[in-house]
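Report on the structure
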Amino acid sequence: MVSAADFFQQDFDYIIIGGGTTGLALASILSTNASIRVGVIEAGLRKDDEMILVPGMVGKAVGNPEYDWNLVTKPQPFAQNRKISIPRGKVLGGTSALNYMAYCRGSELEHNDWEKLGIKGWNWNTISNAISSAEAWSPPTHHAKAHHADDVAKNHGRYGYVKTSAYSYYYDLVLPLFETMNKTGVVTNQSEASGNNIGIWTYTASIDPQTNTRCYSTNAYYDRVSNRPNIIVLTGAQASKVIFRQTSSGDLQATAVEYHKGGQTYKVPVRREVIISTGALQTPQILELSGIGNPDLLRRLNIPVIIDLPGVGENLQDHPKVSMGAELKGLHETVDDLNSESFAQQKLEQYRLSRTGMLSSTLSTVVFVPSSSFIPPDKMRSILSTLDEALQLPQIQNSPWKKWYEVQRAWLENNGIAQLEVVLEPSYTHIGCTNEKAKHYTMMVFLQHAWSRGHVHATSSSVLDSPEIDLAMLDCLGNIDMMMLLEAVKYVFKVMETGALGDLTAEIIEPKPSWSDERLMDYIRSDIASGFHPIGTASMLPRSANGVVDDELKVYGTTNLRVADASVFPIHVGTHPQATLYGLAHKAAEIIQTSEKVGL
């Protein structure tokens, strides 16, 4: 690591803007070629403390400006005009330092359908192989296997960078949840990494099983290469724009990157390529400040237009979440126990001494189901009828996103594609709880393929001003997201009342099964939140379909500017995206290294 003044005097072949999940991994892979020099500009600092490394402390850093960008949406009219927060890691390693450590894949069906959107070379085999290249998996313990951990070695990478395994600690609600889901007809999936993630399963985590600490982009990738002279990381500096020159072909060539640190502005030249990797909520801002985007927006901000790309910042998608709380019968150890200072200290001492106990784990069990599992047939017919009518509207038929709508519509009736994720968290607080000893749990439902699509745009010509983020929460064709969430909530009521979990549930606190549809919808509007998985704002799509990058992640109209982060995903994947983002780093490295050989 160097000072801001030293950094701009370096000679770099590649400059990567953003040292997060994908960017730092990509930089580290590229640096394995000793003949090239790689520079990374990261706004956050390196922080290897317990709030990052201890799995059970997940969430502690969220909201802290030393770790989190603290980004919020503009008021959401369909969600009671609330501003919704979306935590993003502002540290070296990015959000891989803050997330729930799930290292899981999307489905084979989803990834293969990317090609229907006009994308070549990003099918399941390609992405799955890239994810395996990133992974250094260890088999689960006997205890983890007793909690249905994935033990199918052929579906995992063994010799990559990110250490993965199943957690060694499980809350006592895990097995009752498996029993209940099985009773409702949901199968136990023994290896979601196979390309079929339907069912209930225990996820593989990005954890070092020897130390039971978080494995993230910084200690997985950068620490392996940090002593090499050909990779330089600048932290605490914010890149503001890419500078170009015109080529004889008419395309633009990136020649330098401008960045700010300590009130000073610097410009660092680049010989080969610039790769933006600042995530779906910030990559559009850097593109727009560089003069790439919708000309009308850029002119309003007095930014000279150098490339007309109206898709920049559009197509924002997320996994909308609604939470439901319940009180438990009997004695249980739950996350809420950590609210007791003495209990929390005892568990921390246990973890520090033996790397065991509650703090060695986060959540572990997830349920992914298709629409037919949670939406009754008559409701599904009604939803599809309303949706199909809306899809015939001229603005949809003539939309550059038309193929996106067609693919997402087909997925609604595909039993191999998850439309809903359900997660049990052994924690919940509610006003009016009179039993001090009562224990609780939360059921969270996440739409995997929401129809609401928002945007992210720069609000000024300064990178120091936060972008405008609009998730367009619940604002979609035929009100389909609300209809699906309503059915999801009703489905989870049944789960909470069935089998072993039902036997342990004393009371469903909020929302109540007795509430009318109108009251439940009001609750959804009041509670809906981000699933923290924003994607799509610099989509890899044909330029005619409002794409921003091509199949090789290159920004249209440029010779050497690429994007490598979740903003390039054109359509959402029904999973937690961390593993796919590491896979993206490996695929991007392969593309860039191939380009090196043939020449730009």
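Quick note: structure is the one above.
Keep in mind it's a predicted model, so treat the numbers as computed, not measured.

A few words now on the packing of helix 16 (residues 480–496) against helix 18 (residues 517–527). Put simply, helix 16 and helix 18 touch, their axes get as near as 10 Å, and they point 105 degrees apart. The pairing of helix 16 with helix 18 is recorded here as roughly perpendicular in orientation. Contacts between helix 16 and helix 18 involve Met-482, Met-483, Leu-485, Leu-486, Val-489, Lys-490 and Phe-493 from the former and Asp-517, Leu-520, Met-521, Ile-524 and Arg-525 from the latter. Classifying every residue of the contact of helix 16 with helix 18 gives nine nonpolar, no polar and three charged.

Once that is clear, we can look at the pairing of strand 17 (residues 365–369). When you tally the buried positions in strand 17, you get five out of five residues, the bulk of the element. Because side chains alternate across strand 17, one face comprises the buried residues Thr-365, Val-367 and Val-369, and the other comprises Val-366 and Phe-368, equally buried. Across four bridges, the pairing between strand 17 and strand 18 (residues 420–425) is antiparallel. Within the sheet, the bridge partner assigned to Phe-368 lies in strand 18 and is Glu-421.

Let us now look at the nonpolar core. The biggest cluster of nonpolar side chains holds 183 residues, and the ones touching the most others in it are Leu-26, Met-443, Trp-451 and Tyr-491. For this core, the leading source of residues is helix 16, giving twelve residues. Excluding residues that lie within four positions of it along the chain, Met-443 makes contacts with Leu-177, Val-322, Ser-323, Met-324, Val-422, Val-423, Leu-424, Val-492, Val-495, Met-496 and Leu-501. With ten residues, the next largest nonpolar core counts Val-54, Leu-338, Tyr-351 and Leu-359 among its residues.

Note on pairing: side chains with opposite charge can pair once their charged atoms come close. Going through the model one piece at a time under the given rule, you end up with 23 salt bridges. One salt bridge in this structure joins Asp-208 and Lys-163, with 3.3 Å as the shortest N-O distance. Of the two residues, Asp-208 is situated in strand 8 (residues 207–208) and Lys-163 in strand 6 (residues 162–164); the sequence distance between them amounts to 45 residues. For Lys-163, a relative accessible area of 34% translates into the label partly exposed. Overlapping salt bridges bring together Asp-13, Arg-271, Arg-272 and Glu-596 as one network.

Moving on to helix 7 (residues 174–183). Every buried residue belonging to helix 7 is among Val-174, Pro-176, Leu-177, Phe-178, Thr-180 and Met-181, and all of these are buried. Looking at the packing, one finds that the buried side of helix 7 touches strand 7 (199–202), strand 17, strand 18, strand 19 (440–447), helix 16 and helix 17 (499–504). A positive phi of about 100 degrees marks Gly-185, the residue just after helix 7.

On to the environment of Val-186, then. The topology assignment puts Val-186 in the loop between helix 7 and strand 7. In this structure the C-alpha to C-alpha distance between Val-186 and Asn-99, which are 87 residues apart in sequence, comes to 27 Å. The residues contacting Val-186, other than those within four sequence positions of it, are Met-181, Gly-199, Ile-200, Val-367, Val-369 and Tyr-491.

Our next topic: the packing of helix 2 (residues 21–30) against helix 8 (residues 217–225). At their nearest, the axes of helix 2 and helix 8 sit 9 Å apart, and the two run at 20 degrees to each other. The pairing of helix 2 with helix 8 is recorded here as roughly parallel in orientation. Both helix 2 and helix 8 take part in a crossing whose hand is left-handed. Taking contact as the criterion, the partners of Thr-21, Leu-24, Ala-25, Ser-28 and Ile-29 in helix 2 are, on helix 8, Ser-217, Thr-218, Tyr-221, Tyr-222 and Val-225. A breakdown of the residues in the contact of helix 2 with helix 8 according to their chemical character gives six nonpolar, four polar and no charged.

Let's shift gears to the sheet that holds strand 7. With antiparallel pairing, six strands are arranged side by side in an open sheet as 7-17-18-19-16-22. The two strands at the open ends of the sheet, each matched to only one other strand, are strand 7 and strand 22 (505–510). Strand-to-strand twist across the sheet, computed as the mean angle between neighbouring axes with direction ignored, equals 25 degrees. Sitting on the sheet, helix 16 touches strand 16 (321–328), strand 17, strand 18, strand 19 and strand 22, and the angle it makes with strand 19 is about 145 degrees. Across the sheet, helix 18 is in contact with strand 16 and strand 22; its angle to strand 16 comes to roughly 110 degrees.

Criteria and thresholds
Residues numbered from 1 in each chain as written. Predicted model: local features only at pLDDT ≥ 70, side-chain atom pairs only at ≥ 80, totals over all residues. Heavy atoms only, no water. Axes fitted to C-alpha atoms, helices over the stretch in contact; angles between N-to-C directions. Helix = DSSP H or I, 4+ residues; strand = E, 2+ residues; numbered from the N terminus. Parallel < 35°, antiparallel > 145°, perpendicular 65-115°, else oblique. Contact = heavy atoms within 4.5 Å. Nonpolar A, V, L, I, M, F, W, Y, C, P; charged D, E, K, R; others polar. Buried < 20%, exposed > 50% of the residue type's maximum accessible area, 1.4 Å probe, protein only. Pairing = 2+ DSSP bridges. Core = buried A, V, L, I, M, F, W, Y, C linked by side-chain atoms within 4.5 Å. Salt bridge = Lys/Arg side-chain N within 4 Å of Asp/Glu carboxyl O. Left-handed = near helix turned anticlockwise from the far one by under 90°.

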